[in-house]
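Here are the chains, one letter per residue:
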Amino acid sequence: MKELMRSTDPTLIAFATALLSGEDIEVFVLDVHMSVLEGSIGILPRRMMVRAEDHAAAERVLLDNDIPLGRD
């Protein structure tokens, strides 16, 4: 698995997941339950992971739809 993007915006993650699902690219979101530790203030980003062989195609889908990857 490779990290595709990270974001604190749950709507952006949902939109990206829907786009990738439409392209038959499986997505696994990490750090979903970290809000318990942070007090639900949304400062810890969630990470979207995809299979290594799908990474380039998934990145292209997000960039074509102007979705920031949020990686440094």
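Note that the structure is a prediction, hence the values are computed from the model and not measured. (Residues numbered from 1 in each chain as written. Predicted model: local features only at pLDDT ≥ 70, side-chain atom pairs only at ≥ 80, totals over all residues. Heavy atoms only, no water.)

## Topic: the sheet that holds strand S1 (residues 2–7)
Inference 1: If you walk across this open sheet you meet the 3 strands as S1-S3-S2, and the pairing is antiparallel. With one partner strand each, in any of the chains shown, S1 and strand S2 (28–30) form the two edges of the open sheet. Shown here is a sheet whose adjacent strand axes are inclined to one another by a mean of 30°, direction ignored.
Inference 2: Pairing analysis gives 3 bridges linking S2 to strand S3 (residues 46–50), with the strands arranged antiparallel. The residue bridging Val-29 from the neighbouring strand is Met-48, located in S3.
Inference 3: Along the sheet, helix H1 (residues 10–22) contacts S1, S2 and S3; its crossing angle with S3, the most-contacted strand, is approximately 10°.
Inference 4: Running at roughly 25° to S1, helix H3 (residues 55–64) makes contact with S1 and S3 of the sheet. (Pairing = 2+ DSSP bridges. Helix = DSSP H or I, 4+ residues; strand = E, 2+ residues; numbered from the N terminus. Axes fitted to C-alpha atoms, helices over the stretch in contact; angles between N-to-C directions. Contact = heavy atoms within 4.5 Å.)

## Focus: the environment of Ile-25
Inference 1: In this fold, Ile-25 is placed in the loop between H1 and S2.
Inference 2: Sequence separation of Ile-25 and Ala-58 is 33 residues, and the distance between their C-alpha atoms is 7.0 Å.
Inference 3: Contact partners of Ile-25, with chain neighbours within four places excluded, come to Leu-20, Val-50, Asp-54, Ala-57 and Ala-58.

## Looking at the nonpolar core
If you look at soluble globular proteins, the nonpolar side chains tend to sit buried side by side.
Inference 1: One finds Met-5, Leu-20 and Leu-62 to be the most contacted residues of the largest nonpolar core, which totals 14 residues.
Inference 2: Counting residues per element, the ones that place at least two in this core are S1, H1, S3 and H3.
Inference 3: Top element by residues in this core is H1. It accounts for 4 residues. (Core = buried A, V, L, I, M, F, W, Y, C linked by side-chain atoms within 4.5 Å. Buried < 20%, exposed > 50% of the residue type's maximum accessible area, 1.4 Å probe, protein only.)

Read these as layout, nothing more, since geometry by itself doesn't imply function.
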